[in-house]
Each structure stands twice: as C-alpha cells, then as structure tokens.
Amino acid sequence: MASLTGYQRAALIFITIGLSFLTTEGVTMAEPVPNICEKLKNLGYARSNHIRLYGEQFQLISDPFPYETGIAIQVVKHDGKDPRTVKLPLPVLKMAITKSA
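Definitions and limits used
Residues numbered from 1 in each chain as written. Predicted model: local features only at pLDDT ≥ 70, side-chain atom pairs only at ≥ 80, totals over all residues. Heavy atoms only, no water. Helix = DSSP H or I, 4+ residues; strand = E, 2+ residues; numbered from the N terminus. Buried < 20%, exposed > 50% of the residue type's maximum accessible area, 1.4 Å probe, protein only. Contact = heavy atoms within 4.5 Å. pLDDT = per-residue confidence, 0-100. Arc of directions from axis to C-beta. Axes fitted to C-alpha atoms, helices over the stretch in contact; angles between N-to-C directions. Parallel < 35°, antiparallel > 145°, perpendicular 65-115°, else oblique. Nonpolar A, V, L, I, M, F, W, Y, C, P; charged D, E, K, R; others polar. Polar contact = N/O pair within 3.5 Å; in protein donor to acceptor, adjacent residues only side chain to side chain.

K.L.:
Honestly, the overall build of the chain in this entry has me stumped. Any pointers?
P.N.:
Tallying secondary structure elements over the chain gives 3 helices and 8 strands in all. Reading the chain from its N end, one meets helices and strands in the order α-β-β-β-α-β-β-β-β-β-α. Considering the chain as a whole, with its 101 residues, one finds that 33% of them fall into the buried category. A fraction of 31% describes how many contacts in the chain between residues 6 or more apart in sequence connect residues 24 or more apart.

Given below as structure tokens:
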C-alpha cells in the first residue's frame, strides 16, 4: 500500500458497522452515522433546503445518508434536472461531528 500524505491521512473517513471514524493527524473521533446525519440535518443539510456546495447552488432532495466512504445527499440544480448524489466535504462532516448534541 502506498504511503499517504498528511492531507490524505486527515481526509480518511471509514464507515464500519454503523460507526464513522474520522482520523485527523492521529486523533480519532467515533460517532454513530445516524447521529452525524441527524446533526447535518439540524445544520441545514435537510430535504427541500437550498445549499451552495462545490461552487454550485443546489436543492436537496434527500436527507444525508451513508455513501461509499462518507456521507452524501441527493441534489438537483435549480432547473430541477439531473438529480445526483454529492458526497459532503470533510470540513462539513467535521463540523457536524464536533457540534454539541
């Protein structure tokens, strides 16, 4: 396995048996994925809301859900065409994990 850079290590997210493990420079925080998804909804990443992500404006058509090695949402652009799945960036997930319940 190739050696990872510091940035790559900081960006690793593992979902195992319903737990999300966020590893940042040797610090590991564990939180159940449903809790993270609920916190994301409370932060505005909930169905029918509008967000700006990756430089584009979207309408959310789903609540956050586990996807591949992270958490994603279903979105459409304002024209309502081409629904797609967008993974949430690490800073957003970190914000949800560190947010008080």
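And the narrative resumes.
K.L.:
Would you take a moment to explain the confidence of the model for the chain for this structure?
P.N.:
A low pLDDT means the predicted coordinates there should not be read in detail. Looking at the chain as a whole, its pLDDT mean stands at 76, while 68% of the residues score no less than 70. When pLDDT is averaged over each element of the chain, strand S8 (residues 84-87) comes out on top at 94 and strand S1 (residues 13-16) at the bottom at 36. Counting interchain partners and residues more than four positions distant, the pLDDT-below-50 stretch residues 6-20 has 41 contacts. A low-confidence stretch, residues 22-29 stays under pLDDT 50, and its non-local contacts, those more than four residues away or across chains, total 21 contacts.

K.L.:
Just to check I follow, could you spell out helix H2 (residues 33-42) for this structure?
P.N.:
Along an α-helix, residues three or four positions apart point the same way, because every turn accommodates 3.6 residues. What H2 keeps buried is the set Val33, Ile36, Cys37, Lys39 and Leu40. All buried residues of H2 project into a common sector of 160° when viewed along the axis, lining one side. Exposed side chains of H2 directed beyond 90 degrees from the buried face belong to Pro34 and Asn42. Residue Gly44 follows H2 closely and has a positive phi angle near 110°.

K.L.:
Is there a simple way to think about the environment of Tyr67 in this case?
P.N.:
One can find Tyr67 in strand S6 (residues 65-67). Contacts of Tyr67, omitting those with residues within four sequence positions, involve Ala72, Thr85 and Lys87.

K.L.:
I tried to follow the packing of H2 against helix H3 (residues 90-98) on my own but got confused; where do I start?
P.N.:
For any two helices packed against each other, one specifies the inter-axial angle together with the distance between the axes. The interhelical angle for the contact between H2 and H3, taken along N-to-C directions, is 100°, at an axis separation of 9 Å. When the axes of H2 and H3 are compared, the pair comes out roughly perpendicular. Residues Ile36, Lys39 and Leu40 of H2 pack against Val92, Leu93, Ala96 and Ile97 of H3. Grouping the amino acids of the contact of H2 with H3 by side-chain chemistry returns 6 nonpolar, no polar and 1 charged.

K.L.:
Just to check I follow, could you spell out the side chain of Ser62 for this structure?
P.N.:
For Ser62, the location among the structural elements is in the loop between strand S5 (56-60) and S6. Judged by relative accessible area, which is 9%, Ser62 ranks as buried. A distance of 2.8 Å separates the side chain of Ser62 from the backbone nitrogen of Gln74, its partner in a polar contact. Leaving out residues up to four positions away in the same chain, Ser62 has contacts with Ala46, Arg47, Ile73 and Gln74.

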